[in-house]
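Notes for the structure review
Next come the chains, spelled out residue by residue.
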Amino acid sequence: MPKLILSMDGLVLKEIVLDKPRTTIGRKPNNDVQIDNLAISGQHAVITTILEDAFLEDQNSTNGTYVNGQPIKKHVLRNNDLVELGKYRLKYIVEPPAPAVHAFGYAAAVADGPVFVPPEVAPAATTPAGSPTPGAAASEMRSAPAASPAARAGALGVMQLLNGPNAGRELELTKSLTTLGKPGKQVAAITRRVNGYFLTHVEGEVFPLVNGCPLDAQARRLDEHDIVELAGVKMEFFLRP
């Protein structure tokens, strides 16, 4: 499970396990990680955790957020990244994934790097896309129905655009993590697992719709012919043998 090591001037202050879908960092006491220093904004940054991946986003802080010495607004954290907030340092550590996930190729897919695919300019079916969805994996596995025969057989998930200028185009979900949407407005992630494909909300006040119903904070397993509405675009999920 990913974690942060908080330090200042080389002295380790605490360790924070990223076991929540959303972890806030700032000076105010209502933050998950409170840093009581005037160089830190009240709501400085937020980390969205998706399985073993995490997205760091600056919250329009006064002094900015830096990763490995570079200012960022939004950044996909990698193992050993060093987040700098004033004099404080947060080292991002990823522990080895569980064997079942690793065997499925998750680590190799993540190594390719995230690719954000806005639905309105989604590539043709032959172009794969990848990227970064929140913790609660255990509860999802317990509550999710058994995988369909097609999913167990390793069928490939596909999202087909139903409206907009790219209607009819298909996006093959070849990576373990694929993100869709518009940054700053609405972003969701689709996770490929051994028991199917799961959709999770990542960013935006409005949650995506699945068959007309809003997604909740938990990941939802997609069934064939589910209709997903995200950032003004409708997409249909299906499995390709």
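Basis of the calculations
Residues numbered from 1 in each chain as written. Predicted model: local features only at pLDDT ≥ 70, side-chain atom pairs only at ≥ 80, totals over all residues. Heavy atoms only, no water. Helix = DSSP H or I, 4+ residues; strand = E, 2+ residues; numbered from the N terminus. Buried < 20%, exposed > 50% of the residue type's maximum accessible area, 1.4 Å probe, protein only. Areas by Shrake-Rupley, 256 points an atom, 1.4 Å probe, with all protein chains shown as cover. Pairing = 2+ DSSP bridges. Core = buried A, V, L, I, M, F, W, Y, C linked by side-chain atoms within 4.5 Å. Contact = heavy atoms within 4.5 Å. pLDDT = per-residue confidence, 0-100. 1 Å grid on protein atoms, 1.4 Å probe; cavity = no way out; pocket = protein on both sides within 12 Å on 5 of 7 lines; lining within 4 Å. Points joined across faces, edges and corners; volume = space filled by probe spheres on them. Nonpolar A, V, L, I, M, F, W, Y, C, P; charged D, E, K, R; others polar. Axes fitted to C-alpha atoms, helices over the stretch in contact; angles between N-to-C directions. Salt bridge = Lys/Arg side-chain N within 4 Å of Asp/Glu carboxyl O. Polar contact = N/O pair within 3.5 Å; in protein donor to acceptor, adjacent residues only side chain to side chain.

Another point: the overall build of the chain. The helix and strand inventory of the chain stands at 4 helices and 22 strands. Counting every position in the chain, which comprises 241 residues, the buried fraction comes to 48%. When the accessible surface of the chain is summed, it comes to about 11,500 Å², and 56% of that surface belongs to carbon and sulfur atoms.

Within strand 15 (residues 177-182), 5 of the 6 residues are buried, leaving the element largely enclosed by the surrounding structure. Where strand 15 lies against strand 16 (residues 186-193), 6 bridges are found, and the strand directions are antiparallel. Among the inter-strand pairings, Lys182 is bridged to a residue of strand 16, identified as Gln186.

Right, let's talk about the nonpolar core for a bit. Counting residues in hydrophobic clusters, the biggest one holds 21 residues, and the most contacted among them are Ile190, Leu199 and Met235. Per-element accounting of this core gives the leading share, 4 residues, to strand 22 (residues 233-240). Ignoring sequence-local partners within four residues, the contact set of Met235 consists of Met159, Gln160, Leu161, Leu162, Leu180, Asp226, Ile227, Val228 and Leu230. If you look at the next biggest cluster of nonpolar residues, it comprises 20 residues, including Leu4, Leu6, Ile25 and Ile47.

Our next topic: the confidence of the model for the chain. The pLDDT averaged across the chain works out to 76; a share of 74% of its residues lies at or above 70. Contacts for the low-pLDDT stretch residues 97-152, under 50 throughout, to residues beyond four places or in other chains number 127 contacts.

Taken as a whole, the second largest pocket holds about 220 Å³ of empty space. At the level of secondary structure, the elements contributing two or more residues to the lining of the second largest pocket comprise strand 5 (45-50), strand 6 (53-58) and strand 17 (196-203). With 3 residues, strand 6 is the largest single contributor of residues to the lining of the second largest pocket. Its residues assigned to classes, the lining of the second largest pocket comprises 3 nonpolar, 5 polar and 6 charged.

Let us look at the sheet that holds strand 7 (residues 65-67). Reading across the sheet, the 6 strands line up as 2-1-11-10-7-8 and stay open at both edges, with antiparallel pairing between neighbours. Either end of the sheet is taken by a strand with one partner, and the two such strands are strand 2 (11-17) and strand 8 (70-72). When strand polarity is set aside, the average angle formed by the axes of neighbouring strands in this sheet is 30°. The pairing of strand 7 with strand 10 (residues 82-85) spans 2 bridges and is antiparallel.

Pairing is antiparallel across the open sheet formed by 6 strands, whose spatial order is 14-13-22-21-18-19. At either end of the open sheet lies a strand with only one pairing partner, and these are strand 14 (170-172) and strand 19 (213-214). Relative to strand 21 (residues 227-230), strand 18 (residues 209-210) runs antiparallel, the two sharing 2 bridges. If you follow Val210 over to strand 21, its bridge partner there is Val228.

Let us look at the pattern of salt bridges. Across all of its chains, the model carries 8 salt bridges by this definition. Taking the shortest distance from any N to any O, the salt bridge between Lys73 and Asp58 comes out at 3.8 Å. Of this pair, Lys73 sits in the loop between strand 8 and strand 9 (74-76) while Asp58 sits in strand 6, placing them 15 residues apart in sequence. Between Arg221 and Asp223 there is a salt bridge, with the nearest N and O atoms lying 3.5 Å from each other.

Another point: the side chain of Gln186. Counting through the fold element by element, Gln186 comes out in strand 16. By relative accessible area, Gln186 is classed as buried at 8%. At a separation of 3.4 Å, a polar atom in the side chain of Gln186 contacts the main-chain carbonyl oxygen of Phe207. There is a polar contact of 2.5 Å between the side chain of Gln186 and the backbone nitrogen of Ala231. What Gln186 contacts, discounting residues up to four positions off in sequence, is Leu180, Gly181, Glu203, Gly204, Val206, Phe207, Pro208, Leu230 and Ala231.

Moving on, we come to unusual backbone geometry. Positioned with a positive phi, Asn60 is a non-glycine residue whose angle comes to about 55°. Tracing the chain through its elements places Asn60 in the loop between strand 6 and strand 7. Backbone geometry places Asn80, a non-glycine residue, at a positive phi of 75°. Its location among the elements puts Asn80 in the loop between strand 9 and strand 10.

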